Amino acid sequence: MIPIRPPRATFNQLRTFEAVARLGGMSRAAFELHLSQPTVSAQIRELSSSLGLELVVSSGRGVRLTEEGRALQAVARDLFERWHQFEETVDSLRGLHRGVLRIAGVTTAEYFIARMLKPFAVSYPGVRIDLSVENRDRVIERISRELDDVAVMMLPPSQLPLECLPFMDNPLVVIGPVGHPWATRRRIALAELALESLLMREPGSGTRQAALEWFEQRGIQPDIRMTLGSNEAIKHAVAAGLGLAVLSRHTLADEPQHEGLAVLAVAGFPIRRQWQLVWRRDRPLPRAAAAFIDYVRQAAITSRTPDGAPRSRR
Ligand code: PGA
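Residues numbered from 1 in each chain as written. Predicted model: local features only at pLDDT ≥ 70, side-chain atom pairs only at ≥ 80, totals over all residues. Heavy atoms only, no water.

(A) Region of the structure containing the overall build of the protein. Along the backbone of the protein there are 10 helices and 11 strands. Here the C-alpha radius of gyration of the protein, 28 Å, is well above what a compact globule of 314 residues would show, namely 20 Å. In terms of overall dimensions, the protein has a C-alpha envelope of 90 × 45 × 30 Å along the principal axes. Looking at the 314 residues of the protein, the share that counts as buried comes to 45%. If you take every contact in the protein between residues at least 6 apart in sequence, the share linking residues at least 24 apart comes to 73%. Here the protein has roughly 17100 Å² of accessible surface; of this, 52% comes from carbon and sulfur atoms. (Helix = DSSP H or I, 4+ residues; strand = E, 2+ residues; numbered from the N terminus. Rg over C-alpha atoms; globule rule 2.2 N^0.38 Å. Buried < 20%, exposed > 50% of the residue type's maximum accessible area, 1.4 Å probe, protein only. Contact = heavy atoms within 4.5 Å. Areas by Shrake-Rupley, 256 points an atom, 1.4 Å probe, with all protein chains shown as cover.)

Here's what the structure looks like:
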């Protein structure tokens, strides 16, 4: 994003200028704003000099806008319009005083879900957040039993009537221990990976399903040496040299070597998947859930991600 230079004008000056421009005179603006006329004139003078522009010229008993003045008038109107929208947003945020956001996240989402929830929690201090963290199969079960209103997952199931909102990339990478000979190689052929022992998440994990489907599409039968029930257990086992694994990049620290791990440059990786927010299409949405969906949608259309991280991490 291009850094924004703060404007060389204050909100008060713009407010005064807008009144002068609209009403066509300093005294009329002074009357409307409950200011003295010298104060209004002084503010317009200061604004003109800090912008280095002539904004108004006297005309008869009032003032007339120069071309620059007309341009600034349009900017001031836009600004006040946006400000008004902001105040309306704040009002409606304040309107949600209570309620519960029942949200489920797959275990891999636990690495960012707290950061994702924070701005929402700050905006809605009266809303309680109940977060359950389970693997994919259990999250699906919770949604189907209506125990949660929204869920964060990578692979939404097709058997439930769900709305899905993709909001962030979820690259799945191959990891090995930090001293692994592949750690310094620029490219490792997929056929080489097929000969290695892999550590996999338990059946029911979305990470496991995504990795197995990906291998199957390429006609590879991975050698699964160990099955482990959590991402952290896999990371420790990989760091201990028990094998390689495919995990979401989000499970790793920004500098994986600090965890004794290296991301390996295996051809075809990362597997590109996305994080999605899902909710039942066939059930009414509680207000807290609707507000959370709105918040994620807004964050997803700006360049930010809801967890504040860059869109894609390698
Ligand atoms: P999981 O998460 O491997 O923890 O189930 C991935 C997913 O299902 O999105």
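(B) Inspection of the site of the ligand at higher detail. Around the ligand sit Val 106, Thr 107, Thr 108, Asn 135, Arg 136, Met 153, Met 154, Arg 201, Ser 205, Gly 206, Thr 207 and Trp 275, and those are all the residues in its vicinity. At a separation of 2.3 Å, an oxygen atom of the ligand approaches a polar side-chain atom of Thr 107. Contact distances for the ligand include 3.1 Å between an oxygen atom and a side-chain N or O atom of Thr 108. Taking 270 Å² as the accessible area of the ligand by itself, protein coverage stands at 100%. In this structure, the ligand is accommodated by the largest cavity. Grouping the constituent residues of the shell around the ligand by class yields four nonpolar, six polar and two charged. (Near = heavy atom within 4 Å. Polar contact = N/O pair within 3.5 Å; in protein donor to acceptor, adjacent residues only side chain to side chain. 1 Å grid on protein atoms, 1.4 Å probe; cavity = no way out; pocket = protein on both sides within 12 Å on 5 of 7 lines; lining within 4 Å. Sits in = over half its atoms within 2 Å of the grid points. Nonpolar A, V, L, I, M, F, W, Y, C, P; charged D, E, K, R; others polar.)

(C) Representation of empty space enclosed by the protein in the model. Throughout the structure, instances matching the rule amount to one cavity of 30 Å³ or more. A volume near 80 Å³ is recorded for the largest cavity. The wall of the largest cavity is formed by Val 106, Thr 107, Thr 108, Asn 135, Arg 136, Met 154, Leu 155, Arg 201, Ser 205, Gly 206, Thr 207 and Trp 275. Considering only residue class, the lining of the largest cavity consists of four nonpolar, six polar and two charged. (Points joined across faces, edges and corners; volume = space filled by probe spheres on them.)

(D) Just the pattern of salt bridges, in detail. Going through the model one piece at a time under the given rule, you end up with 18 salt bridges. Note that Arg 136 and Asp 137 form a salt bridge whose closest N and O atoms lie 3.9 Å from each other. Given the relative accessible area of 9%, Arg 136 is considered buried. Accessibility expressed as a relative area gives 42% for Asp 137, which makes it partly exposed. Asp 148 serves as the salt-bridge partner of Arg 142, at 2.5 Å between the closest nitrogen and oxygen. The exposure class assigned to Asp 148 is buried, which follows from its relative accessible area of 5%. (Salt bridge = Lys/Arg side-chain N within 4 Å of Asp/Glu carboxyl O.)

(E) Here's a closer look at a nonpolar patch on the surface. Residues Phe 11, Leu 79, Trp 83 and Phe 86 make up a contiguous nonpolar surface patch of roughly 390 Å² in combined accessible area. Counting residues per element, the nonpolar patch draws most heavily on helix H4 (residues 67–95), at three residues. Counting through the fold element by element, Phe 86 comes out in helix H4. (Patch = residues over 30% accessible without salt bridge, like charges linked within 9 Å, V, L, I, M, F, W, Y side chains within 5 Å.)

(F) Just the packing of helix H1 (residues 11–23) against helix H2 (residues 26–33), in detail. Relative orientation of the contacting elements H1 and H2 amounts to 125°, with a least axis distance of 8 Å. By the angle between their directions, the pair H1 and H2 is classed as oblique. The way H1 lies across H2 gives a crossing that is right-handed. Across the interface between the two elements, Arg 15, Thr 16, Ala 19, Val 20, Arg 22 and Leu 23 from H1 touch Met 26, Arg 28, Ala 29, Glu 32 and Leu 33 from H2. (Axes fitted to C-alpha atoms, helices over the stretch in contact; angles between N-to-C directions. Parallel < 35°, antiparallel > 145°, perpendicular 65-115°, else oblique. Left-handed = near helix turned anticlockwise from the far one by under 90°.)

(G) Looking closely at helix H3 (residues 37–51). The terminal C-alpha atoms of H3, which comprises 15 residues, lie 21 Å apart, in line with the 21 Å expected from a rise of 1.5 Å per residue. Among the residues of H3, Val 40, Ser 41, Gln 43, Ile 44, Leu 47, Ser 48 and Leu 51 are the ones counted as buried. Down the axis of H3, the buried side of the element spans an arc of 160°, and every buried residue falls inside it. Residues of H3 that are exposed and angled more than 90 degrees away from the buried face: Pro 38, Arg 45 and Ser 49. (Expected span 1.5 Å × (residues − 1). Arc of directions from axis to C-beta.)

(H) Representation of the packing of aromatic side chains within the structure. Enumeration over the complete set of coordinates arrives at 11 aromatic pairs. An aromatic cluster is built from Phe 120, Tyr 124, Phe 292 and Tyr 295, whose rings are joined through pairwise contacts. (Phe/Tyr/Trp six-rings, centres within 6.5 Å; stacked < 30°, edge-to-face > 60°.)

(I) Quick look at the environment of Ile 103. You can see Ile 103 is positioned in strand S3 (residues 100–106). Spatially, the C-alpha atoms of Ile 103 and Trp 279 are 9.6 Å apart, while their sequence positions differ by 176 residues. When residues no more than four places from it in sequence are discounted, the contact partners of Ile 103 are Ile 113, Leu 117, Ile 129, Asp 130, Leu 131, Ser 132, Asp 148, Val 150, Val 152 and Phe 292.

(J) Representation of the packing of H2 against H3. It is the contact of H2 with H3, at a shortest axis distance of 8 Å, that shows an interaxial angle of 110°. Our classification of the angle between H2 and H3 gives roughly perpendicular. Both H2 and H3 take part in a crossing whose hand is right-handed. The segment H2 lies against H3, with Met 26, Ser 27, Ala 29 and Ala 30 engaging Gln 37, Val 40, Ser 41 and Ile 44. Residue classes in the contact of H2 with H3 are distributed as five nonpolar, three polar and no charged.

Geometric descriptors of this kind do not, in isolation, establish any biological role.
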